[in-house]
Amino acid sequence: MSLELVTVRTADDKELDGAMYHPEGPRDSRTAILLVHGLTWNFYRGPCRWLAPLLAEAGFTCLSLNMRDHDLTEAVDFEQSHHDLRAGIDRLIAEGFTEVVVLTHGYACNKAACYAALSGDRRVRRYVLTTLGSVKSYRPDIWEKVLASAPAMPGRILVVQGADDHLIEAQPRADELVAAATGAKADVVMLQGGDHYFAATHESLANTVTDWLKRT
């Protein structure tokens, strides 16, 4: 695996830094993955830091990208989040990939669920949402937007919740999203041994994601 630091610019003129992970062995030449961090995190910390190399080892080029609200402890500028996602998607398309899978953790799951509705961009046909739904407890208004926007999500959705996540009601939140996403086919995995950050299940999460990508 090789690592490349990159900077992209959004349509509303924000610069976002990130890291591109390039596989060194056999690779998928069609599909790339955009990884998006949650609240308080950034592209080089948290699940996106360790998950990207594992997915690159499985043959997927990955872009782990800062959002404009990186490192913040409170949710801000949610309505502008689609600009950040689109900038990352555009960068990977410019690299020659024909499909971009958006993979998110925590708070970023809300951005992914609202992306198609906010942006009108339906190029993303597969989403992976990990640790979904904690926002309901501290920003119920955003969770309402997620459920209202989810019908616009196209294609396929994989929701992965930690079976040992005691910080959220993992199954009910997944059920609510699946019921709302009427335009997509959704799969839900309750990952055994997984907590809120999948601290002890790095390989299991990576395998769950890659198996789903290959199967769908």
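**Student:** Explanation requested: the packing of aromatic side chains in the structure shown.
**Tutor:** The description of an aromatic ring pair uses the distance of the two centres, along with the angle that the planes make with each other. Under the counting rule described, the total for this entry stands at three aromatic pairs. Between F43 and Y44, the ring centres sit 5.1 Å apart and the planes meet at 85°, which makes this aromatic pair edge-to-face. Accessibility expressed as a relative area gives 11% for F43, which makes it buried.

**Student:** Quick question: what am I supposed to make of the sheet that holds strand β5 (residues 99-105) here?
**Tutor:** By definition, the strands of a sheet pair up through backbone hydrogen bonds, in either a parallel or an antiparallel sense. In space, the eight strands of this open sheet follow the order β1-β2-β4-β3-β5-β6-β7-β8, with mixed pairing throughout. What marks the edges here is a single partner per strand, and that holds for β1 (2-9) and β8 (184-191). Put simply, the sheet's adjacent strands are angled 20° from each other on average, direction ignored. When strand β7 (residues 155-162) meets β8, the two strands line up parallel, connected through eight bridges. Directly across from V160, in β8, lies its bridge partner V189. Against the sheet, helix α7 (residues 202-215) makes contact with β3 (31-36), β5, β6 (126-130), β7 and β8, and its axis sits at roughly 165° relative to β7, the strand it touches most.

**Student:** Just to check I follow, could you spell out the packing of helix α3 (residues 108-119) against helix α5 (residues 140-149) for this structure?
**Tutor:** Geometrically, a packed helix pair is captured by the angle between its two axes and the distance between the axes. At a minimum axis separation of 8 Å, α3 and α5 run at an interaxial angle of 45°. Judged by the inter-axis angle, α3 sits oblique to α5. For the element pair α3 and α5, the recorded crossing hand is left-handed. The segment α3 lies against α5, with N110, A113, C114 and A117 engaging I142, W143, K145, V146 and S149. Residues of the contact of α3 with α5, tallied by class, amount to six nonpolar, two polar and one charged.

**Student:** So what exactly am I meant to see when it comes to α3 here?
**Tutor:** At 3.6 residues per turn, the α-helix brings residues three or four places apart onto the same side. End to end, α3 covers 15 Å across 12 residues, agreeing with the expected 16 Å (1.5 Å per residue, within 8%). In terms of residue burial, α3 counts as a mostly covered element, since 10 of its 12 residues are buried. Positive backbone phi, at 75°, marks G120, one or two positions downstream of α3.

About the criteria used
Here, residues in each chain are numbered from 1, in the same order as that chain's written sequence. The predicted origin of the model limits local features to residues at a pLDDT of at least 70 and limits the giving and counting of side-chain atom pairs to 80 or more, whereas totals for whole chains, interfaces and linings rest on all residues. Side-chain figures throughout are based on the complete set of non-hydrogen atoms in the structure, without hydrogens or water. Centres within 6.5 Å make a pair out of two Phe, Tyr or Trp rings, where for Trp the six-membered ring is used; the pair is then stacked when the planes are under 30 degrees apart, edge-to-face when over 60, and tilted otherwise. A simple rule labels every residue: compare its accessible area, found with a 1.4 Å probe on the protein chains alone, to the largest value its type can have, and call it buried under 20%, exposed over 50%, or partly exposed in between. Paired strands, in this sense, are two strands between which DSSP finds at least two bridges. Where helices and strands are cited, they refer to DSSP runs of H or I of at least four residues and of E of at least two residues respectively, numbered from the N terminus. Here the axes come from fitting lines to C-alpha atoms, over the contacting stretch only for helices, and the angles between their N-to-C directions go from 0 to 180 degrees. Between two residues, a contact is recorded if the distance between any of their heavy atoms is within 4.5 Å. What sets the label is the angle itself: under 35 degrees gives roughly parallel, over 145 gives roughly antiparallel, 65 to 115 gives roughly perpendicular, and the rest give oblique. Crossing handedness is read from the near helix: turned anticlockwise from the far helix by less than a right angle, it gives a left-handed crossing, and turned clockwise, a right-handed one. Residues are grouped as follows: nonpolar covers Ala, Val, Leu, Ile, Met, Phe, Trp, Tyr, Cys and Pro; charged covers Asp, Glu, Lys and Arg; every other residue, Gly included, is treated as polar. Here a helix's expected span is defined as the number of its residues, less one, multiplied by 1.5 Å.

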